[in-house]
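Structural features, examined
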Amino acid sequence: MSEKFEQFAIVELMGRVVIAGLVSEQVIGGQSFVRVDVPMYNEQPAFTKFFGAGAIYCITPCAEETALTAVGRLQIRPIELFKLNLPEFSSGNPYDSEDEE
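In this report, we go over the structure that sits alongside the text. Just so it is clear, the structure is predicted and the values come from calculations on it, not from any experiment. (Residues numbered from 1 in each chain as written. Predicted model: local features only at pLDDT ≥ 70, side-chain atom pairs only at ≥ 80, totals over all residues. Heavy atoms only, no water.)

With that settled, consider the pairing of strand S3 (residues 31-38). Bridge count for strand S2 (residues 17-28) against S3 is seven bridges, and the pairing is antiparallel. Bridging from a neighbouring strand, Ile28 pairs with Gln31 of S3. Hairpin remark: S2 followed by S3, antiparallel, with two residues in the connecting loop; positive phi at Gly29, about 60°. Relative to strand S4 (residues 47-52), S3 is paired through six bridges, and the arrangement is antiparallel. (Pairing = 2+ DSSP bridges. Helix = DSSP H or I, 4+ residues; strand = E, 2+ residues; numbered from the N terminus.)

Structure, rendered in structure tokens:
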């Protein structure tokens, strides 16, 4: 029987991306993912990201305080917004709709 992993850690991903938080395992659709729960930091809300094992270069377990310090220094965002250059989206953000009030 394998022990369930749940530990604060700094996770290094391919593409020089680094994220920190409470790391655990989760199965979604029959596939295993590494789950990173990034805690709230200053004005940034807490959020969760899932990564496939192939995207991970390194996981460094650490103390909670170390992970919190890393969250502050890394300025990790829950989602990167991008602009679509499509005329039907006046704001450039597909999630903004002029029809919604």
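Still more ground to cover, so stick around.
Turning to the nonpolar core, a few remarks are in order. Membership of the largest hydrophobic core comes to 15 residues, with the highest contact counts inside it found for Val11, Ile19 and Val36. Looking at this core, the elements that each hand over two or more residues are strand S1 (6-13), S2, S3, S4 and helix H1 (64-74). Among all residues touching Val11, those that are not within four sequence positions of it are Val17, Val18, Ile19, Val23, Val36, Ile56, Cys58 and Ile59. (Core = buried A, V, L, I, M, F, W, Y, C linked by side-chain atoms within 4.5 Å. Buried < 20%, exposed > 50% of the residue type's maximum accessible area, 1.4 Å probe, protein only. Contact = heavy atoms within 4.5 Å.)

With that out of the way, let us pick up the sheet that holds S4. Note on sheets: strands pair through backbone hydrogen bonds, and any given pair is parallel or antiparallel. Within the open sheet, the five strands sit side by side as S4-S3-S2-S1-S5. Their pairing is antiparallel. Every other strand in the sheet has two partners, leaving S4 and strand S5 (56-61) as the edge strands with one partner each. Each adjacent strand pair in this sheet contributes to an overall mean axis angle of 45°, direction not counted. Sheet strands in contact with H1 are S1, S2 and S3, and its direction is about 115° off that of S2. (Axes fitted to C-alpha atoms, helices over the stretch in contact; angles between N-to-C directions.)

A word on the environment of Asn42. Along the chain, Asn42 turns up in the loop between S3 and S4. Given the relative accessible area of 62%, Asn42 is considered exposed. A sequence separation of 30 residues divides Asn42 from Gly72, and the C-alpha atoms of the two residues are 8.1 Å apart.

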